[in-house]
Amino acid sequence: MTDWMVDGARSDIRAPDGTRLAVYEWGDPAGPEVVLIHGFAQSHLCFAPQLRSDLVRRCRVVAFDMRGHGASAQPADASAYQGSRVWADDIATVLAAKRLKRPTLVGWSMGGRIIRQYLMTHGDAAIAGINFVAAHVIEDPRCRGPGAPKPTPETQTLAEEIEATIAFLDACYGKKPSEADFRRALGYNMRVPTSVRRAISGWSTDAAPTIAALAGVRVPVLITHGRQDTVVLPVAAEMARAAMPHARLSWFDDCGHSPFCEDAPRFNRELMAFVSA
């Protein structure tokens, strides 16, 4: 076993539609509860900088691979990745299966979008707080940057798929990771098949009902965003903050789309303080 491996205790659960989800757990069972939700084409392994930190010594940390990603099942039907309830119910299923009382939800990029779906479907009564990280919470086209994933045509070749994945992953970092870390991330990015990427790209949520749902959020909210983000532009954080006036906005001035990796020490301190408060 190499020292970068961060897998916790794994359990497989079933979403309401039968999709198998791989769920992992670390840390102090009696500590504050934190659920880490990764982004598009990623896996729970992207949170390695958090899973090697004091967070897992002081908190009960749960993460899961989203449907179609990582070690979770990859349904063939595009409808398994679309609609208003699918992603929301996946979160609810994880919370119930792990018997979490009132966790803090941390969602990076698309992870923030599915937290939004959870709020729109289930509300915030079962959670203690939310940390949106570089998330396109309100789907306004002005928030989409040049580094965002590009549409995948039916005629895309394997070589084109590999090049597109490398380009997207490269855009995820303002401060580049080590070559070894980039290779590992490329491995779990390539694990997500083109059919799943295409199905997810066909899923969207209108801005108006999103803003209405966010206006009803009462739990504490932390919005974390890199000012150098070219995947989800910084205006996305400003729009989310405007929809939730009680939210605190934390800018990472020299970071891109992955502040939890690019400045992990600061991110971990701020997350731990938010969870503790």
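Look up: the structure comes first, before these words.
Structure report, in brief. (Residues numbered from 1 in each chain as written. Predicted model: local features only at pLDDT ≥ 70, side-chain atom pairs only at ≥ 80, totals over all residues. Heavy atoms only, no water.)

1. Examining the overall build of the chain
For the chain, the count of helices and strands is eleven helices and eight strands. At 17 Å, the chain has a C-alpha radius of gyration in line with the 19 Å of a compact globule built from 277 residues. Its C-alpha atoms put the chain at 50 × 45 × 40 Å along the principal axes. Working note: accessible area of the chain is about 11,600 Å², and carbon and sulfur atoms make up 55% of it. Positive and negative side-chain charges of the chain, numbering 31 and 30 respectively, have mean locations separated by a distance of 4 Å. (Helix = DSSP H or I, 4+ residues; strand = E, 2+ residues; numbered from the N terminus. Rg over C-alpha atoms; globule rule 2.2 N^0.38 Å. Areas by Shrake-Rupley, 256 points an atom, 1.4 Å probe, with all protein chains shown as cover. Lys, Arg positive; Asp, Glu negative; His and termini not counted. Charge placed at Lys NZ, Arg CZ, Asp CG, Glu CD.)

2. Structural notes on the packing of helix H4 (residues 110–122) against helix H8 (residues 207–215)
At a closest axis distance of 9 Å, the pairing of H4 and H8 adopts a crossing angle of 70 degrees. Classified by the angle their axes make, H4 and H8 are roughly perpendicular. Contacts between H4 and H8 involve Arg116, Leu119 and Met120 from the former and Pro209, Thr210, Ala213 and Leu214 from the latter. Residues belonging to the contact of H4 with H8 are distributed by class as follows: five nonpolar, one polar and one charged. (Axes fitted to C-alpha atoms, helices over the stretch in contact; angles between N-to-C directions. Parallel < 35°, antiparallel > 145°, perpendicular 65-115°, else oblique. Contact = heavy atoms within 4.5 Å. Nonpolar A, V, L, I, M, F, W, Y, C, P; charged D, E, K, R; others polar.)

3. Here we look at the packing of aromatic side chains
For the structure shown, the criterion picks out seven aromatic pairs. The interplanar angle of 45 degrees and the centroid separation of 6.3 Å between the aromatic rings of Tyr81 and Trp87 together place this pair among those described as tilted. Here the two residues Tyr81 and Trp87 agree in accessibility, since each one is buried. Judged by centre distance (4.7 Å) and plane angle (65 degrees), the rings of Trp108 and Phe260 are edge-to-face. (Phe/Tyr/Trp six-rings, centres within 6.5 Å; stacked < 30°, edge-to-face > 60°. Buried < 20%, exposed > 50% of the residue type's maximum accessible area, 1.4 Å probe, protein only.)

4. Description of the sheet that holds strand E4 (residues 60–64)
Spatially, eight strands are ordered E1-E2-E4-E3-E5-E6-E7-E8 in an open sheet, and the strand pairing comes out mixed. Either end of the sheet is taken by a strand with one partner, and the two such strands are strand E1 (9–14) and strand E8 (248–252). Geometrically, the sheet is characterised by an average inter-axis angle of 20 degrees between neighbouring strands, direction not taken into account. Relative to the sheet, helix H9 (residues 235–243) contacts strand E7 (221–226) and E8, its axis offset from that of E7 by approximately 165 degrees. (Pairing = 2+ DSSP bridges.)

5. Side note on the side chain of Ser43
If you trace the backbone, Ser43 turns up in the loop between strand E3 (33–37) and helix H1 (48–51). Sequence-distant contacts of Ser43, defined by excluding residues within four places in its chain, comprise His38, Asp65, Gly70 and Tyr188.

6. Brief notes about the nonpolar core
Grouped together as the largest cluster of nonpolar side chains are 88 residues, with contacts concentrated most on Phe64, Ile91, Ile114, Ile130, Phe132 and Met244. If we ignore the near neighbours within four places in the chain, the residues touching Met244 are Phe132, Leu214, Val217, Val221 and Ile223. (Core = buried A, V, L, I, M, F, W, Y, C linked by side-chain atoms within 4.5 Å.)

7. Quick notes on the environment of Gly226
Relative to the assigned elements, Gly226 resides in strand E7. Taking relative accessible area as the criterion, Gly226 reaches 0% and is therefore assigned buried. For Gly226 and Asp263, which are 37 residues apart along the polypeptide, the C-alpha to C-alpha distance reads 10.0 Å. Setting aside residues up to four positions removed in sequence, Gly226 forms contacts with Pro234, Phe252, Cys255, Gly256 and Pro259.

8. Focus: the packing of helix H3 (residues 86–97) against H4
The relative placement of two packed helices comes down to the angle between their axes together with the axis-to-axis distance. For the pair H3 and H4, interaxial distance at closest approach is 7 Å and the crossing angle is 85 degrees. The orientation of H3 with respect to H4, classified from their angle, is roughly perpendicular. When H3 is examined against H4, the residues Trp87, Ala88, Asp89, Ile91, Ala92 and Leu95 are found in contact with a partner set consisting of Met110, Ile114, Ile115, Gln117, Tyr118, Thr121 and His122. Its residues placed into classes, the contact of H3 with H4 shows nine nonpolar, three polar and one charged.

9. Quick word on the pattern of salt bridges
Under the defined criterion, the tally for this structure stands at 19 salt bridges. For Glu25, the salt bridge is made with Arg60, and the minimal N-O distance between the two is 2.8 Å. Of the two residues, Glu25 sits in strand E2 (residues 20–27) while Arg60 sits in strand E4, which places them 35 residues apart along the sequence. Its relative accessible area of 12% is what places Arg60 among the buried residues. The residue Arg142 makes a salt bridge to Asp140 at a minimum N-O spacing of 2.7 Å. (Salt bridge = Lys/Arg side-chain N within 4 Å of Asp/Glu carboxyl O.)

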